[in-house]
Amino acid sequence: IRQFAVVGNPIKHSRSPAIHQMFAAQTGVALEYSTLLSPLDGFAETVGQFFAAGGCGLNITVPFKEQAYVLSAKLSERARLAGAVNTLWQQDGQLNGCNTDGLGLLSDLQRLNAPLEGARILLIGAGGASKGVVYPLLNAGCARLHIVNRTEERAQAMRAHFSSQLPDYATRMSAGGLLQAEGEWDLVINATSSGLQDTAPELPGVRYAADALAYDMLYAALPTPFMRQAAEAGAHRCVDGLGMLVGQAAASFAIWNGMTPQLEPVLRELRRQLQ
Ligand code: ATR
């Protein structure tokens, strides 16, 4: 039986075991998927022990994604550009790292019929969650990607980083503080952790196009503060990030097991459990 786990600190409330067990039931792959609490100063040891004991794959969550990036001997292009790894596996004696967060977001946007080609996208936040989705959004053909952050310098630094890494996309990117988010947007993505403090970033002057989508990477039983704010600002479609969570899990599952599970039934079941 193939062994998998998700490593984090804290980790108790992770939904990854439930998601991967549903994928396993769906595809007939025999696996065990558990949670692994790593000491804050012992991440490398935790990973080493897991693979030494014959483990097949690890998901990495807060606060270890950057450490997993450093630890990976071989990085996928996505992981390299994101500067963070959420999926680890061993191949030819080498630790491989990928980042499937962006794929998770893209698969959810596809499910929601949110066209990315030519879209004007506002991305709020400049932390790890935001970095992971920049390349996939640009690569999907958006017309403009404007990154805003409470601490403006972080947004500018992020734009500069991606402009130098992806010169072909540089002219489509811009950055600023939260007060520079004004304009009309087809897609507004909240990649900040402000919802954990039960607030949403103030965004004066943000207008939602007629069929625009407001997307919160956080998820909850009830509409999040960002979703409520977006609805008040005129967004007709406001969704949370549960679909992104299932999507990134499915992309990891596909890397490890060579099969892509169906997302919809798993998403429905998770939503039911959340209510
Ligand atoms: P993550 O990996 O989840 O992105 P992070 O690197 O700590 O975590 O980044 C958190 C993001 O949420 C940052 O963009 C942060 O803004 P700052 O860079 O100014 O700190 C943003 N954030 C957190 N709380 C916020 C709040 N109350 N209002 C606006 N932005 C907030």
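Residues numbered from 1 in each chain as written. Predicted model: local features only at pLDDT ≥ 70, side-chain atom pairs only at ≥ 80, totals over all residues. Heavy atoms only, no water.

### A word on the sheet that holds strand β2 (residues 31-37)
1) Next: One open sheet accounts for 6 strands, arranged β2-β1-β3-β5-β6-β4; its pairing is mixed. The two strands at the open ends of the sheet, each matched to only one other strand, are β2 and β4 (74-75).
2) Next: Judged from the 2 bridges that link them, β4 and strand β6 (residues 94-98) form a sheet pairing that is parallel. Of the residues in β6, the one forming a bridge with Leu75 is Gly97.
3) Next: Across the sheet, helix α1 (residues 16-27) touches β1 (2-8), β2 and β3 (57-60), and the angle it forms with β2 is around 170°.
4) Next: Running at roughly 155° to β3, helix α2 (residues 43-52) makes contact with β1, β2, β3, β5 (87-91) and β6 of the sheet. (Pairing = 2+ DSSP bridges. Helix = DSSP H or I, 4+ residues; strand = E, 2+ residues; numbered from the N terminus. Contact = heavy atoms within 4.5 Å. Axes fitted to C-alpha atoms, helices over the stretch in contact; angles between N-to-C directions.)

### A closer look at the domain arrangement of the protein chain
1) Next: Once the domains are mapped, the protein chain shows domain 1 (2-99 + 245-274) and domain 2 (102-240).
2) Next: At the interface, 16 residues of domain 1 touch 18 residues of domain 2.
3) Next: When domain 1 packs against domain 2, the two sides together hide about 1,400 Å² of surface, and 59% of this comes from carbon and sulfur.
4) Next: On the domain 1 side of the interface with domain 2, the three residues burying the most area are Arg78, Leu81 and Leu274, jointly 39% of the side's total.
5) Next: At the junction of domain 1 with domain 2, the criterion picks out 1 salt bridge.
6) Next: With its nearest N and O atoms 2.7 Å apart, the salt bridge here joins Asp240 to Arg271. (Domains from an automatic or database assignment. Buried area = accessible area lost by both parts, 1.4 Å probe. Salt bridge = Lys/Arg side-chain N within 4 Å of Asp/Glu carboxyl O.)

### Quick word on the site of the ligand
1) Next: Near the ligand you find 14 residues, and of these Asn149, Arg150, Thr151, Arg154 and Gln197 are the closest.
2) Next: Arg154 places a side-chain nitrogen or oxygen 2.7 Å from an oxygen atom of the ligand.
3) Next: A distance of 3.0 Å separates a nitrogen atom of the ligand from a polar atom in the side chain of Gln197.
4) Next: Against a free-state accessible area of 640 Å², the protein chains account for coverage of 74% of the ligand.
5) Next: Split into classes, the residues belonging to the shell around the ligand amount to 2 nonpolar, 10 polar and 2 charged. (Near = heavy atom within 4 Å. Polar contact = N/O pair within 3.5 Å; in protein donor to acceptor, adjacent residues only side chain to side chain. Areas by Shrake-Rupley, 256 points an atom, 1.4 Å probe, with all protein chains shown as cover. Nonpolar A, V, L, I, M, F, W, Y, C, P; charged D, E, K, R; others polar.)

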